[in-house]
Amino acid sequence: MVLLDFKFTDSNSKQKTYAKIYNDDCFKIFPKLPTESMDLIFADPPYGLAKKKGLRWEYSKHITLQEVWDIFSKNQFFEFNVKWITQCMRMLKPGGSLWVCGTFHNIYQLGFILQNLNFKINNSIVWFKPNAQPNITCRMFTESTEHLVWAVKNHSKTKWTFNYKDTKNLIEDKLNPKGKQTRNVWWIPLTPKSEKWAGIHPTQKPVELLRRIILSCTNENDTVLDPFLGSGTTSVVAKMLGRNSIGIEKEKKYLSIIKKRLEDLGVY
């Protein structure tokens, strides 16, 4: 296991925050994290899309969807999702939020598991990508959305955090005018090249997506966990917004990307 421990001080408020990064299997790290210690968990888990030989497009030599970490049998995939979501329920504080990201390949299964584990589902968010990738098989409609489920740990009827005024005043796109209630359809382009300067990750999420989630469901100095950290966007945005973060990433090859992005924010 590799642990990177970053500490930050805001130059204006002198507020101190941290970002802890574990390079290991999330199921080995979960037992180290205390029960009811997280205010928000954002999870961009494997979608179960990848193929052993990848997926080819007849108009290009490019091969996609062949990441080993995304390959499961049907039963393995269900067991995997039940296992990590169960741990999220344990680690969340009463009233804490869990956001999960996916496509039609996994989001319905995730919703089923969340409901059966007694999460309260508050919203289903549709992320519309105006510059979505073309459908490489040319055998179905082009996928131009991803879906996010916002669920809360509401067993004790503890109120969850929702910064309503911030969502009205600090979220704006072509579908959501500033000053109006934010709708559950978000217009956010794919991750721009300017956010990929530290290296390439196949499923890097845009900063704006995480900004909306963390802004909506946490307060300053809260703690955010990402069990599938990828390129580190959750940790980066948490720092930008004055939140603490814990990230877990199994693949060592992405550790350098995470490290570069966090060091660029300034550490002490």
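Preceding this section is the structure that the text describes.
First things first, this report covers the structure right here in the doc. (Residues numbered from 1 in each chain as written. Predicted model: local features only at pLDDT ≥ 70, side-chain atom pairs only at ≥ 80, totals over all residues. Heavy atoms only, no water.)

**Brief notes about the nonpolar core**
Inside soluble globular proteins, nonpolar side chains tend to come together where they are buried. Formed by 28 residues in total, the largest nonpolar core has its most connected members in Trp84, Leu98 and Val100. Secondary-structure elements contributing two or more residues to this core are helix H1 (26–29), strand E3 (38–43), helix H2 (74–91), strand E6 (92–102), helix H3 (107–116), strand E8 (145–152) and strand E11 (244–248). Examining the composition of this core, we find that six residues originate from one element, H2, more than from any other. With residues up to four places along the chain from it excluded, the contact list for Val100 reads Ala43, Trp84, Ile107, Leu110, Leu114, His147, Leu148 and Val149. The next biggest cluster of nonpolar side chains, apart from the first, holds 23 residues, and it includes Tyr47, Cys101, Leu148 and Ala238. (Core = buried A, V, L, I, M, F, W, Y, C linked by side-chain atoms within 4.5 Å. Buried < 20%, exposed > 50% of the residue type's maximum accessible area, 1.4 Å probe, protein only. Helix = DSSP H or I, 4+ residues; strand = E, 2+ residues; numbered from the N terminus. Contact = heavy atoms within 4.5 Å.)

**So, H3**
All of the buried residues along H3 are Ile107, Leu110, Gly111, Ile113 and Leu114. Each buried residue of H3 lies within a common arc of 165° when the element is viewed along its axis, so the set occupies one face. Among the exposed residues of H3, those oriented more than 90 degrees off its buried face are Tyr108 and Gln115. Residues of H3 that are buried in the fold lie against H2, E6, strand E7 (120–128) and E8. (Arc of directions from axis to C-beta.)

**Focus on the environment of Trp84**
Along the chain, Trp84 falls in helix H2. Expressed as a C-alpha distance, the spacing of Trp84 and Asn154, which sit 70 residues apart in the sequence, is 18 Å. Leaving out residues up to four positions away in the same chain, Trp84 has contacts with Phe27, Phe30, Ala43, Pro45, Leu98, Val100, Leu110 and Phe228.

**Section: the pattern of salt bridges**
Per the stated rule, a full pass over the model turns up 12 salt bridges. A salt bridge links Lys205 to Asp44; the shortest N-O distance between them is 2.8 Å. Residue Lys205 is located in the loop between strand E9 (185–187) and helix H5 (207–217), and its partner Asp44 is located in the loop between E3 and strand E4 (55–56); the two are separated by 161 residues in the primary sequence. Note on Lys205: relative accessible area 6%, which makes it buried. Under the relative-accessibility criterion, Asp44 is labelled buried at 12%. Across the salt bridge formed by Lys259 and Glu263, the nearest N and O atoms sit 2.7 Å from each other. In this pair, Lys259 and Glu263 are both assigned in helix H7 (residues 255–263), four residues apart and thus about one turn of the helix distant. Overlapping salt bridges, with partners in common, bring together Asp44, Lys129, Glu146 and Lys205 in one network. (Salt bridge = Lys/Arg side-chain N within 4 Å of Asp/Glu carboxyl O.)

**As for the state of the cysteines**
Using the criterion set out here, one finds zero disulfides in the structure. Cysteine Cys101 shares no disulfide, and the gap to the nearest cysteine sulfur, in Cys88, comes to 14 Å. Considering cysteine sulfurs only, Cys101 is the nearest to Cys217, which forms no disulfide, with 14 Å between them. The buried category is assigned to Cys217, whose relative accessible area is 2%. (Disulfide = S-S within 2.5 Å.)

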